[in-house]
Amino acid sequence: MSDGEAVMRWDPYSLTGDAKFNIFWKRHLAERERRILLVVGKGFDVRALETARRLHGLGANVHVWLLAFHNGQQDSALRRARTEKNVEGLGKLFPPERIMEVDINLGGAFEDPVASRQTYEKIRAAGDPTLYDDVIVDISAMPRMVAMTSVAVLLRGLDIASATGRCVNLHVTTAESVTSDLAAGQGSLKDQVSFVRGFSGELTSQTTKNLPHVWFPVLGESQRDRLDRIHQKLTPDEICPVVPFPSREPRRGDEIIYEHRELLFDTFQVEPRNILLACEYNPFEAYKQVFEAMDRYRRALNTLGGCKAFVSPLSSKLLSIAVLLACYDHLFGEVPGKRLKVGIPYVETATYADPVQKPDDPFELYSMWVRGEWEIVAGTAADAGMSDERNV
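Please read these numbers as outputs of a predicted model, since none were measured by experiment.

*Asks:* Could you give me a rundown of the packing of aromatic side chains, with the residues and numbers involved?
*Replies:* In this description, a pair of aromatic rings is defined by centroid distance and the angle of the planes. A full pass over the atoms with the stated rule returns twelve aromatic pairs. With a centroid separation of 6.5 Å and an interplanar angle of 40°, the aromatic rings of F21 and W25 are classed as tilted. Taken together, the residues F21 and W25, both in helix α1 (residues 21-31) and four residues apart, mark about one turn of the helix. Taking the relative accessible area as the measure of exposure, W25 reaches 0% and is therefore buried. By the ring-pair criterion, three or more aromatic residues cluster together here, those being W10, Y287, F291, Y328 and F332. Over the ring of Y281 we find R248; its NZ or CZ atom is 4.2 Å from the centre of that ring. Between R261 and the ring centre of Y258, over which it is positioned, the NZ or CZ distance is 3.9 Å.

Here's what the structure looks like:
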């Protein structure tokens, strides 16, 4: 096969913004009887229940997997009170027999990072998602590695199941607010770099050790320590920082670059022309931008034996899903010729500081339809020369 351009799976795409969230789901639920699995985090984030509230208000038939994360530490009174309030609120929305708690061990502050492996194993053991018509992963109150692994393992499982003729829809929702994310409590970091399970990029493989490493850190605020640790782990040959732009705050991208300028330009020796832009509030557009950048390196370096591409999600949760989709598509999608070795490295939080979020902090609720019936419709539309984009 030739090394031509890869075909992007999520082009067109289906994305619903806050103002039309209820409109989309009301229409979707009215099409036929739907049995829904909601995967949600048992966390202290004030946005944790927004998707559940909306679905309840629309009369959806919902069963819940409540992911309960444990890191072996005593929660503060504030975090414990907020978590308990969210659990109590969930119980008021759905009867207890429809809520199943799934325990996930995140590992202690000084232990090896195990969050992704544990999440993978626990999600796989929780039950059969193909028993439902729609699976919704609400990542609003999930740690980054739990969120990305949950989406990855369910997406792959449902993709495999579709070969048997069972088409299950997968959606990802999040109540997005950069301000609230920063106010959720930063805490301290683990010493070691971890990878989303299945996305190691063959970093330590001896057979591919001489392939060049290309690193795409997706930048957010206050990420100096994570950047430094991941850089030491990867020793990349090329670095292409990804900056959120366009953004809700017009100068956010410039401020992020300025905050990390010494590390990026003096220590890492990043070429300014290597800086990439990714849309902050549209994960599918950001996915395209990251995917295409990765594909350019794939095609350019395949004549020299290939390369390894690593993408670090250090920004918003929407952009984290964009990272996952870009890497997933390079790993499993329609890629001609030699594929990239794809890795998603991250440094997990070891201990959390108390959040300073306020219950009335503004946010926007997004719903991403990642797989299922829309792909059949989109494929038909594409064959007819039409578009099915819902980028609202």
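*Asks:* I'd like a rundown of the state of the cysteines, residues and numbers included.
*Replies:* Among covalent bonds in proteins, the disulfide is the one between the sulfur atoms of two cysteines. Taken as a whole and assessed by the stated rule, the structure comprises zero disulfides. Residue C327 stays outside any disulfide, its sulfur separated by 12 Å from that of C307, the closest cysteine.

*Asks:* How would you summarise the packing of helix α10 (residues 283-301) against helix α11 (residues 317-332) if you had to cite specific residues and measurements?
*Replies:* The geometry of α10 relative to α11 is characterised by a closest axis approach of 8 Å and an angle of 40° between their N-to-C directions. Overall, the two elements α10 and α11 adopt an arrangement that is oblique. Crossing handedness for the pair α10 and α11: right-handed. In this structure, α10 contributes P283, F284, A286, Y287, V290, F291, M294, D295 and R298 to the contact, and α11 contributes L318, L319, A322, L325, A326, C327, D329 and H330. Its residues placed into classes, the contact of α10 with α11 shows 13 nonpolar, one polar and three charged.

*Asks:* Any details on the confidence of the model for the protein? Residues and values, ideally.
*Replies:* In this model, the protein carries an average pLDDT of 91, and 93% of its residues clear a pLDDT of 70 or more. Here residues 380-392 scores under 50 on pLDDT; set against residues more than four positions off or in separate chains, the count is 24 contacts.

*Asks:* Any chance you could break down the layout of surface pockets for me, citing the residues and the numbers?
*Replies:* Roughly 390 Å³ of volume is contained in the second largest pocket. Sorting elements by how many residues they give to the lining of the second largest pocket places helix α5 (residues 144-161) first, with nine residues. Grouping the amino acids of the lining of the second largest pocket by side-chain chemistry returns 13 nonpolar, five polar and four charged.

*Asks:* Describe empty space enclosed by the protein, listing the residues and the values that go with them.
*Replies:* For the structure on display, the rule yields one cavity of 30 Å³ or more. Counted as a void, the largest cavity has a volume near 40 Å³. Looking at the largest cavity, the residues that line it are I139, M142, R144, A147, M148, K317, S320 and I321. Put simply, the parts of the chain that give the lining of the largest cavity at least two residues each are α5 and α11. In the lining of the largest cavity, the residues fall into five nonpolar, one polar and two charged.

*Asks:* Describe the pattern of salt bridges, with residues and values.
*Replies:* If the charged atoms of two oppositely charged side chains come close together, the side chains can form a pair. Summed over the entire model, instances satisfying the criterion amount to 27 salt bridges. Linking R79 and D354 is a salt bridge whose minimum nitrogen-to-oxygen distance equals 3.2 Å. Highlighted residues: R79 in helix α3 (residues 77-93) and D354 in the loop between β15 (349-351) and β16 (364-371), separated in sequence by 275 residues. With relative accessibility at 8%, the residue R79 sits in the buried group. A salt bridge links K288 to E285; the nearest nitrogen and oxygen atoms lie 3.4 Å apart. One end of the pair is K288 and the other is E285, both in helix α10 and three residues apart, which spans about a single turn. With a relative accessible area of 10%, K288 lands in the buried category.

*Asks:* So, unusual backbone geometry: which residues are in play, and what are the values?
*Replies:* D11 connects to P12 through a cis peptide bond whose omega is 10°. By the element assignment, P12 lies in the segment before β1 (14-16). The linkage connecting F245 with the following residue, P246, adopts the cis geometry, with an omega of 0°. Checked against the element boundaries, P246 lands in the loop between β11 (242-244) and α8 (252-259). For T235, which is not a glycine, the phi torsion comes out positive at approximately 45°. Mapped onto the secondary structure, T235 falls in the loop between α7 (224-234) and β10 (238-239).

*Asks:* Account for the pairing of strand β5 (residues 134-138), naming residues and giving values.
*Replies:* Of all five residues in β5, five are buried; the element is thus mostly enclosed. Where β5 and strand β6 (residues 169-176) come together, five bridges link them in parallel fashion. Residue pairing in the sheet places I136 in a bridge with H171 of β6.

*Asks:* Report on α3, specifying residues and quantitative values.
*Replies:* Compared with an ideal rise of 1.5 Å per residue, which puts 17 residues at 24 Å, α3 spans 25 Å between its outermost C-alpha atoms and is within 8% of the ideal. Turning to α3, its buried residues are R79, R82, T83, N86, G89, L90 and L93. Across the axial projection of α3, the buried residues extend over an arc of 125°, all falling on one side. Away from its buried face by more than 90 degrees, α3 exposes A77, E84, K85 and K92.

Parameters and conventions
Residue indices follow the written sequence of each chain, beginning from 1 at its first position. Note on the predicted model: pLDDT of at least 70 is required for a residue's local features to be given, and 80 or more for side-chain atom pairs to be given and counted; whole-chain, interface and lining totals, by contrast, use all residues. Processing note: side-chain calculations cover all non-hydrogen atoms of the structure and skip hydrogens and water entirely. Aromatic pairs are defined between Phe, Tyr and Trp rings, using the six-membered ring for Trp, whenever the two ring centres lie within 6.5 Å; interplanar angles under 30 degrees are classed as stacked, those over 60 as edge-to-face, and all others as tilted. The helix and strand labels rest on DSSP assignments: H or I over at least four residues marks a helix, E over at least two residues marks a strand, and numbering proceeds from the N terminus. Think of it in three bands: residues with accessible area under 20% of the maximum for their type are buried, residues over 50% are exposed, and the middle band is partly exposed, with areas taken using a 1.4 Å probe on protein chains only. Over a ring means this: the NZ of a Lys or the CZ of an Arg is within 6 Å of the ring centre and within 35 degrees of the ring normal. We call a pair of cysteine sulfur atoms a disulfide when they lie within 2.5 Å. The axes are straight lines fitted to the C-alpha atoms, using for helices just the contacting stretch, and the angles between their N-to-C directions are given from 0 to 180°. Small angles under 35 degrees read as roughly parallel and large ones over 145 as roughly antiparallel, with 65 to 115 read as roughly perpendicular and the rest as oblique. Crossings are assigned a handedness: left-handed for a near helix turned anticlockwise from the far helix by less than a right angle, right-handed for a clockwise turn. In what follows, residue pairs with any heavy atoms lying within 4.5 Å of each other are defined as contacts. Here the nonpolar group is Ala, Val, Leu, Ile, Met, Phe, Trp, Tyr, Cys and Pro; Asp, Glu, Lys and Arg are the charged ones; every other residue, Gly included, is treated as polar. Values of pLDDT, the confidence the predictor places in each residue, fall between 0 and 100. Only protein atoms enter the 1 Å grid used here, on which a cavity is any set of points holding a 1.4 Å probe that cannot leave and a pocket is any open set flanked by protein within 12 Å on both sides along at least five of seven lines; residues with an atom within 4 Å of a point are listed as lining. Grid points are joined across faces, edges and corners, and a volume is the space filled by probe spheres set on the points. By salt bridge we mean one thing: a side-chain nitrogen of Lys or Arg within 4 Å of a carboxyl oxygen of Asp or Glu. Pairing between strands is defined by DSSP: at least two bridges between the two strands are required. The length a helix should cover is 1.5 Å for every residue beyond the first. This arc describes the spread of directions from the helix axis toward the C-beta atoms.

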